[in-house]
Amino acid sequence: MTTAPPSVDIRSGVGEGGAVRSGAFAPLAVGAFRMLWLAGLASNVGSWMQSVGAQWSLVEGGSSPAVVALVQSAAAAPVLLLAIPAGVIGEFLDRRRILIAAQAVQLAVAAALTVLAATGQLGAPTLIALTFALGAASAVQLPAYQALTADVVPTGMLSDAASLVSISVNIARAVGPAAAGLVVAQAGVPAVFAVNALSFALFLVVLLCWRGYRRPASHPEPFLDASRAGLRYVRHAGVVRTICLRLAVFLLPAVALWALLPVLAEQSLGLGAAGYGLLLAALGAGSIAGAVVLPVLRARIGVNIVVSASAVLFGVAIAALAVTPSLWVAIALLVGAGFGWIGVIATLGGVVQAFLPAWVRTRGLSVYQLVLLGGTAIGSAACGALASLFGVTEVLLGAGVVVAVAGLAQFARPLPRTEGMGRRPVPLDDVSPVSISDDDERRVLVLVRYRVDAAHREEFRRAMAAVAQTRYRTGARGWHLYEAAEDPESIVETYELGSWREHVAQVRIRHTEWDAANLARAKALSIHPPTVEHCLGLPVPRLHPGARPHRSTR
């Protein structure tokens, strides 16, 4: 592992005087992140080479646009099945070991692809099936890999670190396809698959040699409970939900470019493998330029304008690309498309990663990856099918118009602002002092009693709307608010949790500063400090069919 400059703590990236270094490339001063970033870059180059080799082998074999687009779908589809389980696994198991296992599986699959291609036994069905296997291993490791970034860089660097991860992908997109075109021309598709296998081997060696990782403290939960908690958090976190929706609206039409570019390159521009690699290199170059400029743009004009303008740029670029016959105009348009792509994907990814609290970060990122790669799989398959019916040019033109219009619409419906929403965990004192085992699996009903005078009644109800979302985000399975019929000033909040263990986790690690502020606003409107009561589920014997209730003989 290389060493950092003397003024920077290699683990934390904190400079002299305790200040966190800032800037687009500041996270690279953190030794562990730099090591993972370089290894990931090599692996991404290999993966892009494999993708280009697979698609081009199908194009040369005369496959239809729908079949060619299935390569993208096969690589991304496993996320639809594995994203949520992968998020739970990455939340509670050692993330370094997850990456080691995933790289080993990908190495084995890439080696099989190499052997089958070299022996002439790699047909389209086998190629797509093995591509699906590579995607499955990638789906398992992605949430753990993204969460690992938060383990090794300070919180203030997370957005820049997310952009650097995107830069890695786009450097690979610039270098990998061009390299794949040269390798295919000189040595054939099997050599491309062999390079991909070598990239997995390199990443695996780096991970095996990295002994300094210490997994953060976690609070293991039953698998199904943990899965439900992650989904419940996303459902009731408006920021995450909105970002995922905007990402899906952008992705479904936008992936037409990735799915249909190899067909456009051959049919409309008359290019071979090397020319196709040149087009993808232009896309990657635009993405790299965007990733370098984006931190400055986000700081000056804000996240929403960056995302909206980037979507418009991407849409206009691919619509124009669909109708241009000139290679050089196409290259210029693809540079712009690459800039727009990274402006949307990296910005939204950085926002959601920085927003998610530590206790649910990996599970939240798994949902984000589900939208990202699931949208890629669905969009690629749909665009391929539409291109077979209406033509590649028509589908690209239509997709570009839809993306540009959606980007313009976002100016009117901006993303929610996250400034001032504190994300650090804040333990609460709402756990009963009575002696109850943390492993108690009985359901829990929590009752919080307030006294609110009539003058503050409406303000209290508005405050409790935010409290309800806080309760749901942190684990509540049901929430209600009641007023006492005999005493209108008495208001009772009730919410249920699956177990006492989950309630303990809720009050100890799941509330952020923002959640605590929501609760404090409601409590401040109570005449007296609210009282908290906890009820544990009590099993009731079941009566057999036909049995009569027991009657007293008295």
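The structure under discussion appears in the preceding block.
Quick notes on the rules
Residues numbered from 1 in each chain as written. Predicted model: local features only at pLDDT ≥ 70, side-chain atom pairs only at ≥ 80, totals over all residues. Heavy atoms only, no water. Helix = DSSP H or I, 4+ residues; strand = E, 2+ residues; numbered from the N terminus. Expected span 1.5 Å × (residues − 1). Buried < 20%, exposed > 50% of the residue type's maximum accessible area, 1.4 Å probe, protein only. Arc of directions from axis to C-beta. Contact = heavy atoms within 4.5 Å. Polar contact = N/O pair within 3.5 Å; in protein donor to acceptor, adjacent residues only side chain to side chain. Axes fitted to C-alpha atoms, helices over the stretch in contact; angles between N-to-C directions. Parallel < 35°, antiparallel > 145°, perpendicular 65-115°, else oblique. Left-handed = near helix turned anticlockwise from the far one by under 90°. Nonpolar A, V, L, I, M, F, W, Y, C, P; charged D, E, K, R; others polar. Phe/Tyr/Trp six-rings, centres within 6.5 Å; stacked < 30°, edge-to-face > 60°. Salt bridge = Lys/Arg side-chain N within 4 Å of Asp/Glu carboxyl O. Pairing = 2+ DSSP bridges.

Our focus in this paragraph is helix α15 (residues 392–412). An ideal rise of 1.5 Å per residue puts 30 Å on 21 residues; α15 measures up with 31 Å between its terminal C-alpha atoms. Buried within α15 we find V392, V395, L396, A399, G400, V403, A404, G407 and Q410. Looking straight down α15, one finds that the buried residues subtend no more than 160 degrees of arc, so they occupy a single side. Turned more than 90 degrees from where α15 packs its buried face, L408 and A412 sit exposed. In this structure, the buried residues of α15 make contact with α9 (238–254), α10 (256–267), α12 (303–323) and α14 (361–390).

What follows deals with helix α13 (residues 327–355). For α13, spanning 29 residues, the distance from its first C-alpha to its last is 42 Å, which sits close to the expected 42 Å at 1.5 Å a residue. With 21 of 29 residues buried, α13 lies mostly within the body of the structure. Its side-chain oxygen at 3.4 Å from the backbone nitrogen of W328, S326 defines the N-terminal cap of α13.

With that settled, the discussion passes to the packing of helix α4 (residues 95–118) against helix α5 (residues 124–152). Where α4 meets α5, the closest approach of the two axes is 9 Å, and the angle between their N-to-C directions is 155 degrees. Here α5 runs roughly antiparallel to α4, going by the angle between their axes. Relative to α5, α4 is oriented so that their crossing is left-handed. Looking at the contact of α4 with α5 residue by residue, the classes come out as 18 nonpolar, five polar and two charged.

Along the polypeptide, G475 turns up in the loop between α16 (457–473) and β2 (478–483). For the pair G475 and R228, spaced 247 residues apart in sequence, the C-alpha separation works out to 8.9 Å. Leave out the neighbours within four places in its chain, and G475 touches R232, E496, L497, E502, Q506 and R510.

With that settled, consider the packing of aromatic side chains. Taken as a whole and assessed by the stated rule, the structure comprises seven aromatic pairs. Relative to W359, the ring of Y233 lies with its centre 5.9 Å away and its plane at 90 degrees, an arrangement referred to as edge-to-face. Of this pair, Y233 sits in helix α8 (residues 223–236) while W359 sits in the loop between α13 and α14; the two residues are 126 residues apart in sequence, bridging distant segments of the chain. Under the relative-accessibility criterion, Y233 is labelled buried at 3%.

Under the criterion given, the structure shown has twelve salt bridges. A salt bridge links R457 to E483, with the shortest nitrogen-to-oxygen separation between them at 1.9 Å. Within this pair, whereas R457 is found in helix α16, its partner E483 is found in strand β2, the two being separated by 26 residues in sequence.

Next up on the list: the packing of α14 against α15. Running from N to C, α14 and α15 point in directions that differ by 130 degrees, and their axes come no closer than 7 Å. One way to sum up the angle between α14 and α15 is to call them oblique. For the pair formed by α14 and α15, the contact residues are C383, L386, A387 and F390 on the first element and V392, E394 and V395 on the second. Within the contact of α14 with α15, the residues separate by chemical class into six nonpolar, no polar and one charged.

Both strand β1 (residues 444–451) and strand β3 (residues 490–497) contribute to a ladder of eight bridges, which runs antiparallel. Bridge pairing links Y450 to I491 in β3. Of the strand pairs in this sheet, β1 and strand β4 (residues 531–536) are connected by six bridges, and their pairing is antiparallel. Counted as the bridge partner of V444 is L536 from β4.

This part is about the sheet that holds β2. Strand order in this open sheet of four strands is β2-β3-β1-β4, and the pairing throughout is antiparallel. The sheet is open, and its two edges are formed by β2 and β4, each paired on a single side. Taking the axes of each pair of neighbouring strands and ignoring which way they run, one obtains an average angle of 20 degrees across the sheet. Lying over the sheet, helix α17 (residues 500–510) contacts β1, β3 and β4, oriented at roughly 115 degrees with respect to β3.

Attention now moves to the environment of V303. Among the secondary structure elements, V303 is positioned in helix α12. Ignoring sequence-local partners within four residues, the contact set of V303 consists of R298, T347, V351 and L415.

This brings us to the side chain of Q141. Positionally, Q141 belongs in helix α5. Overall, the relative accessible area of 10% leaves Q141 in the buried class. In this view, Q141 contacts I98, L99, A102, Q103 and Q106; residues no more than four positions away in its chain are not counted.

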